[in-house]
Structures are given as C-alpha cells and as structure tokens.
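# Coordinate inspection notes
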Amino acid sequence: MPIVKKAPAASRDQDERELQRDCASLVLQLADGDPTTRRWAAKDLVGCPDVSAALIGRLRQERDPSVREIILTALTQRADAQAVAALVECLRSEDVSLRNEAIEAMKTLPDEVAPIMGGLLGDADPDVRIFAVNVLESLRHELVEQWLKEVIERDPHVNVCATAVDLLGEVGTSYSREALEKLKERFPDEPYIRFAADIALKRICSN
Amino acid sequence: MAEITIGKEDFLKFREFFYRKTGIQFDDAKRYFVDRRLAERIEATDSRSFRNYFMLLRFEASGEELQTLTNLMTVNETYFFREEYQFKCLVNSILPEITTQKKDSRPIRIWSMPSSSGEEPYSIAMYLLEYWPGIEKWDVEIISSDIDTKILGQARRGLYSPRSVQHLPKNLLAKYFKAAGDGFQVSEELREAVEFTRVNLMNQADVRAYREFDVIFCRNLLIYFDDLSRRQAADTFYDALHPGGFLCLGHSESMSRISSLYKARKFADSVVYQKPKEAR
C-alpha cells in the first residue's frame, strides 16, 4: 500500500533546532534576518520574564505578517501593562491589518482593557474612539453598555456614535433607551443614526 | 414555570451575535431548532428571560455558557465520509495542485486532528486509495492526533457501529471492513496505514515535531476554542504546513475570522485555506 506509516517523532527529533533557546538569546533572535527564526523566538519568549518591551520593539519594525501575528499573540498571552500599552499604540498605526489584529487581541483582555477604556473613548482622535468601540464589540465586561451609552450621549462625532449605536442594537437594554431617543435628536440630519437607533429601540422594547 | 418564548427580534439579535462568535449561521428555517435550545438553556441557567440569558452569554467572563450553548447548537457526531465534499476537494483539487508543484519525491503528509474515534483519518485513507489516481505514484503519510488517549485507543482498534458507516458505499464497506459483534471493524491494512498520536494542540512542546505537512484537516474543533486559543491553533498549523500547504476546516468555520496569514482558496468542491507559497 502506498500509504506509509511514519510518526512525527520518528521523522524529526523532538527539538532539533540549533539556536539557543534561553531568554537572552531569544531576544537577540528577534532581530534575526530570517523570519522563521524571529517567529520561533517570539513564540518561545512567552515564558520569559520582562520581555514585553523587546517584543514591542520588534513589533514596531516588523514587516513580516506571520512574525507580527505571533508577537501579538505573545503580547496577548502576557497581558501585562506594557503589552496592553503596545496594543493601544497599534490602534494609532496607519497599517490596517496591524490595527485590526490589535483590536482582535484587545477584545480578549477585558480585565486589562477595562481600566483604560475610558481614556480610549475620550481620545482626541475619532478613529481611535471608533476602534475602542470595535473592541467593545466582543469584550466580556459588565460595563460595555454603560460605555456605549456614554458614547452616544457625549461623543460629537457621528461615525463614533454610529458604531456605538450599532452595537447597542445587540447589547442595549432599557438602561440605554433614553440615550437612544436623544441621539436621534442630536443628529437629526443623519438618516443612518435614526435607522440604527430605531432598530436598537425596537429590540429593547421587544424584551 | 411559565413557558419561555423567544421573540423574532430576540432571534435576530441572537443570530447575529452567535454568528460573530462562532461563524455558525442559522437561517429562518432553523428558528424552531434555535428557539428550543435557547429556551432549554434559559431554564437550565435560571435566567427567566431571553434578555437575562443573552446578557449572561454576552458578558460572562469565563465564556462557559457560550461554550455549553455552542455544544448544544452543533451536531457533535462523527461518521465515515462526514462532509465528504472536502475529501472530494482533496483528491480533485488539492492533491493535484500539490503534486504538480512538488519539487521532491518525499511522501505527501496529511495531518488529521482531532482524530476522535478515527472515522476521519480512515475516510481520508479510503478516499485516497479509491478516488485518487496519484496514489499509484506518490507515497502518503497520514498522521492523526487527539488529546484524549482513550479515544486514540478506540481509533486504533477501529470498531464502529452500523450508524458510523451508514454513509459509506456498500462496496467500500465490504472492501475495508469486516463484521465484528454488532458492528464493523476497519481492516488491518487500513489500521496499519494511519499513525495515531497524542497531541495537545495548545502545548508547544507537543506540536513542535509536527512539521512539513502538505494538508491539515482540523474540522469542527476550533469552534470549541476561545479566541486566543484559536489564534494559537492557527499559528501552530501555519508552522506545521509547508509553504503552499492547505488547511481544511469544518463547514461552519472560517480562518479569515481568526488569522490573516492564510489565503482562502475556492475550489469546485470546497473553500479551504492555504499557507502562502512565498511564506517560509
């Protein structure tokens, strides 16, 4: 039969890599010319102490998407203050995929992101505020509705409010009803706001 | 307890949320199926209303209830030739492309995970032997892994109920199985063809040796993972695949919602995901 049996361990040694795997060597390998070496270094650095700064430093200049993705996963696993700050910094990047990857990563860190969410929603840059609302989309945190309500009550930018009201269509309760009504008054010339607020209100009323 | 009703708006809201979280889409025809399961879980969690239950699903930090509901909403049943269109895609499109571009004569390597009780890897073996002319020319290695040693033992023994084999063509049942008790046992020849190994996909030490695969089947597993674990699994598969290698997911799963590293390839029989050929 041409189907042959061969166990992975029989075809390769468990760890045949030639490079050093200690933390200091792994940090140096983050700057290696070979993306595979950088990727594996980032992967193995997860278990090392105090390496968020090194990972962030690499992330800022890394152009290979496969290495970047591993660094973002590693930062998400580490989830220390430095790592979260680095993810926030990615929200300001002009690189769309890096930004989206950071948003996805932040969605998985409710406890770490919650203390900084107020600041993000009050950021001077409306794009950053929209991305913060995007993070709320899947954030498992009890304050999500409160944050969204505050956005539609206060944010002057129609696109930020439109993003928030979309999400309130899913998570909104009677707590947000009045704010939704007022939102329509705040943007009387924006048919989308009216449409989305009406859907959210309809869903709230049906509960 | 008063009967729990799920309103139309509730259904729509749930449907959007559940699709975003799992990639599983329910059309209106599935309304009764969905409503019944939601009502069941509302009662089991003592949530009393759809709204309370939805808040639990949406905000529970552990995500435990979403997992319970996902299990309930998915048919966790495995049988021979399940989602056969992907095996068709394997022999009609994936393997011809791989063999055309392969620069050496080393065996084609296929990783099937999770093995569960073995129906998938044995189906792959049978499909190759029966429907892929290239098998005359190429050697193939099939490695199948699972975290559960008990189920791996079951897979190695290859004993199945009549229900497991009900979708197999009669001639293949006769060719590759023999009667055993109330059911069937897969032939020794086929059992000898698949290597079963224990692997925890989340353990880097476990997966490090799994490299240089041409095709990976990982169907209906990632829907049970949280977001971070899905990303780690996607990274693991990326490292395990040859550049240009293919990843086959379950019908309700989508890699584009997990990682941007793979390229979606639409073949006549199925959509699968490919590690870019230029990747290292």
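Residues numbered from 1 in each chain as written. Chains lettered and ligands numbered in written order. Predicted model: local features only at pLDDT ≥ 70, side-chain atom pairs only at ≥ 80, totals over all residues.

### Some details on the overall build of chain A
Keep this limit in mind: Put simply, DSSP H or I for four residues or longer makes a helix, DSSP E for two residues or longer makes a strand, and each gets a number counted from the N terminus. Only C-alpha atoms enter the radius of gyration, while the globule expectation follows 2.2 Å times N to the 0.38, with N the number of residues. Counting other C-beta atoms within 10 Å of a residue's own tells you its class, since 20 or more makes it buried, 12 or fewer makes it exposed, and anything in between is partly exposed; those C-beta atoms are placed from the backbone. By the convention adopted here, residues are in contact when the distance between their C-beta atoms, placed from the backbone, does not exceed 7 Å.
Scanning chain A from N- to C-terminus turns up 13 helices and 1 strand. Put simply, chain A runs from its N terminus to its C terminus through helices and strands in the order β-α-α-α-α-α-α-α-α-α-α-α-α-α. Since a compact globule built from 207 residues should have a radius of gyration of about 17 Å, the 22 Å found for chain A marks it as more spread out than a globular shape. Taking all 207 residues of chain A together, 43% fall into the buried category. Looking at chain A alone, contacts between residues at least 24 apart form 62% of all its contacts between residues at least 6 apart.

### Quick look at the interface of chain B and chain A
Definition in use: Side-chain classes follow a simple rule in which Ala, Val, Leu, Ile, Met, Phe, Trp, Tyr, Cys and Pro form the nonpolar group, Asp, Glu, Lys and Arg form the charged group, and the remainder, Gly included, forms the polar group. The pairing criterion is simple: DSSP has to find at least two bridges between the two strands.
With 44 residues of chain B at the contact, the number on the chain A side is 36 residues. For the side of chain B that touches chain A, a count of residues per class yields 19 nonpolar, 7 polar and 18 charged. Here strand β1 (residues 3-4) of chain A runs beside strand β2 (residues 140-146) of chain B; their pairing, made up of 2 bridges, is parallel. Pairing of Ile3(A) across the sheet is with Val140(B), part of β2(B).

### Considerations on the sheet that holds strand β3 (residues 159-160) of chain B
Residue and element names in this part refer to chain B. If you trace the 3 strands from one edge of the open sheet to the other, you get β3-β5-β4, paired in antiparallel fashion. Looking along the sheet, the strands with just one partner apiece sit at the ends: β3 and β4 (177-180). The pairing of β3 with strand β5 (residues 183-186) spans 2 bridges and is antiparallel. Pairing of Leu-159 across the sheet is with Gln-185, part of β5.

### Regarding the domain arrangement of chain A
All names here are of chain A. Convention followed: Domain segmentation is taken from an automatic or database assignment of domains.
The assigned domain composition of chain A is domain 1 (18-108) and domain 2 (112-207). Here the C-alpha centre of domain 2 lies 31 Å away from the C-alpha centre of domain 1. Every element with two or more residues in the side of domain 1 that touches domain 2 is listed here: α6 (81-91) and α7 (96-107). Counting residues per element, the side of domain 1 that touches domain 2 draws most heavily on α7, which supplies 4 residues. Taken together, the residues of the side of domain 1 that touches domain 2 sort by class into 6 nonpolar, no polar and 3 charged.

### Thoughts on the domain arrangement of chain B
Residue and element names in this part refer to chain B. When cut into domains, chain B gives domain 1 (8-73) and domain 2 (84-274). On a C-alpha basis, the centroid separation for the pair domain 1 and domain 2 is 31 Å. A class-by-class count of the residues in the side of domain 1 that touches domain 2 yields 1 nonpolar, 5 polar and no charged.

### Focus: the pairing of β2(B)
Residue and element names in this part refer to chain B. Extensive coverage of β2 is indicated by the burial of 7 of its 7 residues. Where β2 and strand β6 (residues 194-198) come together, 5 bridges link them in parallel fashion. Within β6, the position partnered with Ser-145 by the bridge is Thr-197.

### A closer look at helix α8 (residues 110-121) of chain A
Residue and element names in this part refer to chain A. What counts is decided by this rule: Throughout, the arc means that of the directions going from the helix axis to the C-beta atoms.
Those residues of α8 that fall on the buried side of the exposure criterion are Pro-110, Val-113, Met-117, Leu-120 and Leu-121. One side of α8 carries all its buried residues, which in axial view fall inside an arc of 80°. In α8, the exposed residues that point more than 90 degrees away from the buried face are Asp-111, Pro-115, Gly-118 and Gly-119. If you follow the buried residues of α8, they end up packed against α6, α7, α9 (126-136) and α10 (144-154).

### Concerning the nonpolar core
Cut-off, in case you're wondering: For this entry, the nonpolar core is defined as buried Ala, Val, Leu, Ile, Met, Phe, Trp, Tyr and Cys residues connected by C-beta atoms within 7 Å.
By size, the foremost hydrophobic cluster in this structure holds 60 residues, and its most contacted members are Leu87(A), Ala164(A) and Val165(A). Per element, the largest residue contribution to this core is 8 residues, and it comes from helix α11 (residues 158-171) of chain A. Residues from two domains meet in this core; each of domain 1 (18-108) and domain 2 (112-207) of chain A gives at least three. Dropping the residues within four chain positions of it, Val165(A) is found in contact with Ile152(A), Leu183(A), Ile193(A), Ala196(A), Ala197(A) and Ala200(A). Listed in part, the 58 residues of the second largest apolar core include Ile110(B), Ile135(B), Phe196(B) and Ile223(B).

### Quick word on unusual backbone geometry
What you tend to see is this: most non-glycine residues have negative phi, and most peptide bonds are trans. Residue and element names in this part refer to chain B. Geometrically, the link from Met-113 to Pro-114 is a cis peptide bond, its omega value of 0° lying close to zero. Mapped onto the elements of the fold, Pro-114 is located in the loop between β1 (108-112) and α6 (119-131). At Arg-48, a residue that is not glycine, the phi angle is positive and equals roughly 75°. As for its placement among the helices and strands, Arg-48 is situated in the loop between α2 (31-44) and α3 (50-59).

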